[in-house]
Amino acid sequence: MDNNPDTATDTLPETDLPEAEAAPQLLPLAELHLHIEGTLQPELIFELAERNGLALPYSGLEELQALYEFSDLQSFLNLYYANMAVLQTEQDFADMTRAYLARAAAAGVRHAEIMMDPQAHISRGVSLETCVNGVASALATSVEDYGISTLLIAAFLRDLSEESALEVFEGLLAMNAPIAAIGLDSAEVGNPPAKFERLFAKAREAGLRLTAHAGEEGPPSYIIEALDVLGVERIDHGIRCMEDPDLVERLVDERTPLTVCPLSNVRLRAVDTLADHPLPAMLAAGLNVSVNSDDPAYFGGYVDDNFAQLQAVFELSDFDRSRLAANSIHSSFASEERKAELLDELNRG
Ligand code: ADE
Ligand code: ZN
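Residues numbered from 1 in each chain as written. Chains lettered and ligands numbered in written order. Predicted model: local features only at pLDDT ≥ 70, side-chain atom pairs only at ≥ 80, totals over all residues. Heavy atoms only, no water.

**Some remarks on the overall build of the chain**
Threshold: We count a stretch as a helix when DSSP gives it H or I for four or more residues in a row; a strand needs E for two or more, and each element gets its number in order from the N terminus. Restricting the calculation to C-alpha atoms gives the radius of gyration, and the globule rule supplies 2.2 Å times the number of residues raised to the power 0.38. Only protein chains enter the area calculation, which uses a 1.4 Å probe; residues under 20% of their type maximum are buried, those over 50% are exposed, and those in between are partly exposed. Whether two residues touch is decided by their heavy atoms; if any such pair falls within 4.5 Å, the residues are in contact. Under the convention used here, a 1.4 Å probe and the Shrake-Rupley method define accessible areas, while residue burial counts only the protein chains that appear. Here the positive residues are Lys and Arg and the negative ones are Asp and Glu; neither His nor the chain ends is included. Charged side chains are reduced to one point each, which is NZ for Lys, CZ for Arg, CG for Asp and CD for Glu.
Secondary structure assignment for the chain yields 17 helices and 8 strands. Over its C-alpha trace the chain gives a radius of gyration of 19 Å, about what one expects of a compact globule, namely 20 Å for 349 residues. Dimensions of the chain, computed from C-alpha atoms along their principal axes, come out at roughly 55 × 50 × 40 Å. Counting over 349 residues, the chain shows a buried share of 56%. Counted over contacts in the chain with a minimum sequence separation of 6, partners at least 24 positions apart contribute 77%. With the model as given, the accessible surface of the chain reaches about 13500 Å², and the carbon-plus-sulfur share is 50%. Of the side chains in the chain, 22 bear a positive and 59 a negative charge, and the two mean positions are spaced by 6 Å.

**What about the side chain of S142?**
Rules: The term polar contact refers here to a pair of N or O atoms within 3.5 Å; inside protein, the definition further demands a hydrogen-donor-capable atom paired with an acceptor-capable atom, and it admits residues adjacent in sequence only when both atoms are side-chain atoms.
Looking at the element boundaries, S142 is found in helix α7 (residues 142–146). Assessed through its relative accessible area of 1%, S142 is described here as buried. Engagement of the side chain of S142 in a polar contact is seen with the side chain of T150, the distance being 3.0 Å.

**A word on helix α17 (residues 336–348)**
The condition is simple: Under the convention used throughout, the expected extent of a helix is 1.5 Å for every residue step, that is, one less than its residue count. Here, the arc refers to the directions that run from the helix axis to the C-beta atoms.
With 13 residues, α17 should cover 18 Å at 1.5 Å per step; its first-to-last C-alpha distance of 18 Å lies within 8% of that length. Among the residues of α17, those classed as buried are R338, K339, L342, L343 and L346. Along the axis of α17, the buried residues cluster in a sector spanning 130°; they form a single face. For α17, exposure combined with an orientation more than 90 degrees from the buried face picks out E337, N347 and R348. Buried positions along α17 lie against β2 (109–116), β3 (149–157) and α16 (318–330). Downstream of α17 by a residue or two, G349 has a phi angle that is positive, lying close to 60°.

**Section: α16**
Counting along an α-helix, one turn takes 3.6 residues, and residues three or four places apart therefore face a common direction. Between the first and last C-alpha of α16 there are 18 Å, a value that for 13 residues agrees with the 18 Å anticipated at 1.5 Å per step. If you check which residues of α16 are buried, you get D320, R321, L324, A325, A326, N327, S328 and I329. Those residues of α16 that are buried are in contact with β1 (29–35), α13 (279–285), β8 (288–291), α15 (303–314) and α17.

**Things to note about the environment of E216**
With respect to the secondary-structure elements, E216 resides in the loop between β5 (209–214) and α10 (220–230). By relative accessible area, which is 6% here, E216 ends up buried. Separated by 126 residues in sequence, E216 and E90 have C-alpha atoms that sit 31 Å apart. The contacts of E216, once residues within four sequence positions are left out, are L73, E188, H237, I239, R240, S264, L268, A270 and D294.

**Side note on the packing of aromatic side chains**
Where two aromatic rings form a pair, the distance of their centres and the angle of their planes describe that pair. Filter applied, for reference: When the centres of two rings from Phe, Tyr and Trp lie within 6.5 Å, Trp using its six-membered ring, the rings pair. Their planes under 30 degrees apart give stacked, over 60 give edge-to-face, and anything left gives tilted.
A complete count under the given rule lists 10 aromatic pairs for this structure. Ring centres of F70 and F76 lie 5.6 Å apart, and the angle between their planes is 80°; this geometry places the pair in the edge-to-face category. Each member of the pair F70 and F76 is classed as buried. Between F76 and F299 the ring centres are 4.8 Å apart and the planes differ by 55°, which places this aromatic pair in the tilted class. Linking F76 in helix α3 (residues 73–83) with F299 in helix α14 (residues 296–299), this pair joins segments that are 223 residues apart in sequence.

**Comments concerning the coordination of the zinc ion (ligand 2)**
Worth spelling out the cut-off: Any N, O or S atom lying within 2.8 Å of the metal counts as a donor, and for Na, K and Ca the limit rises to 3.2 Å; water is left out, so some sites can look incomplete.
Summarising the metal site, the zinc ion (ligand 2) is bound by the protein donors H33 (NE2), H35 (NE2), H213 (NE2) and D294 (OD), whose distances to it range over 2.0 to 2.2 Å. In the primary structure, the donors to the zinc ion (ligand 2) are separated according to the pattern H-x1-H-x177-H-x80-D. Residue H35 is found in strand β1, and its partner H213 is found in strand β5; the two are separated by 178 residues along the sequence. A single burial state applies to H35 and to H213, both of which are buried.

**Regarding the site of ligand 1**
Just so we agree on the cut-off: Definition of nearness: a residue and a molecule or strand are near each other if at least one heavy atom of the residue lies within 4 Å of the molecule or strand. Only Asp, Glu, Lys and Arg are considered charged, only Ala, Val, Leu, Ile, Met, Phe, Trp, Tyr, Cys and Pro nonpolar, and every remaining residue, Gly among them, polar.
Every residue close to ligand 1 is listed here: H35, L73, F76, L77, Y80, D185, S186, H213, E216, H237, D294 and D295. E216 is positioned with one of its side-chain polar atoms (N or O) 2.8 Å from a nitrogen atom of ligand 1. D294 is positioned such that a nitrogen or oxygen atom in its side chain is 2.7 Å from a nitrogen atom of ligand 1. For ligand 1, whose accessible area on its own is 260 Å², the fraction buried by protein is 100%. Here the residues of the shell around ligand 1 sort into 4 nonpolar, 4 polar and 4 charged.

**Notes on the pairing of strand β6 (residues 234–237)**
Stated precisely, the cut-off is as follows: Between any two strands, pairing holds if DSSP finds at least two bridges. Orient the strands so they point away from the viewer; a crossover is then right-handed if the path from the first strand over the helix to the second runs clockwise.
Across 4 bridges, β5 lies against β6 in parallel orientation. By the bridge assignment, A214 is partnered in β6 with H237. In this fold, β5 hands off to α10, which returns the chain to β6; that crossover is right-handed. As paired elements, β6 and strand β7 (residues 257–260) share 2 bridges and run parallel to each other.

**Notes on the environment of L48**
Its place among the elements puts L48 in helix α1 (residues 42–51). When its relative accessible area of 0% is taken as the criterion, L48 is described as buried. Between the alpha carbons of L48 and D159 there is a distance of 28 Å; along the sequence they are 111 residues apart. Contacts of L48, omitting those with residues within four sequence positions, involve L40, V86, L87 and D92.

Now the structure itself:
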């Protein structure tokens with residue numbers, strides 16, 4: 001099959017999202033919710049397929065891009081996992097990571113906490129060493145190369161068993177993988193956080209930081225379970241907390257960070273349109289929210305695109321934008337010294 005992107009276009013399929021207006025000034029911020037495999041741009045998928053001698057089931061970029069229409073989380077995950085087939089070598093993982101870092105630097109990201117899904121690679125016969133060392137090699141020089149401090153988060157697939165997660169977690173410890181935290185992602189509904197109680201207890205014992213996706217498609221009770229049973233410090237997405245006023249009050253009181261991903265929520269139909277997104281209500285309620293890109297190659301934009309489109313729809317004030325940037329820095333797992341440096345940069349404007 002011909003993998004040449006002979007029908008190349010630079011754009012993703014049209015969506016009902018509004019055009020971004022003139023880009024507001026970029027603020028220095030931390031990106032806390034980013035799946036590195038979700039940064040695999042269609043062009044890079046073709047490039048890696050060619051390099052690895054793999055036949056893709058698409059004739060060209062246009063045919064692939066036509067598939068970027070999702071009806072829910074699972075419809076996205078099907079394509080996201082299928083496209084990972086092109087990631088074969090350490091170099092592939094390193095190239096994907098460098099491409100993200102270069103684009104994130106242009107978006108104003110100064111600190112990034114990057115999730116990867118080791119189980120999605122091991123299950124295809126790619127070793128833990130290959131995927132972890134490939135991503136980690138790019139992160140090791142991210143400050144010098146891109147001015148971005150980075151941390152790696154090993155995310156576990158909640159639609160697989162806890163035994164599988166525990167086995168991979170032990171493998172990560174055995175290879176002394178440079179991970180700072182663990183996370184929980186993939187198909188949420190029907191896979192409640194409590195399924196991974198032992199995994200999170202072990203990660204805590206190992207001195208790792210803890211985060212989990214909850215309240216993206218799943219109910220508010222999953223957010224409560226992630227906090228109370230897993231003991232996570234941060235909730236990824238969390239938008240469905242707005243259905244439970246007592247939970248909102250608790251999250252405000254405890255300053256629990258919620259890493260919100262507006263364009264992702266639109267593309268995966270967690271909300272109908274960006275104008276229906278709860279972010280303004282979350283800010284008004286006093287929740288500790290930040291703006292993140294989740295899987296930017298799939299959802300129509302990086303973190304600057306998320307800000308630009310929010311700005312176009314909601315006319316966020318300078319105060320709100322600074323607050324979102326400050327929340328991202330305060331909510332990061334960076335050292336206190338690094339946080340102070342970034343907050344200083346933000347305050348100097
Ligand atoms: N894996 C990659 N992106 C995800 C998302 N938005 N939700 C759950 N799992 C994911
Ligand atoms: Zn996510």
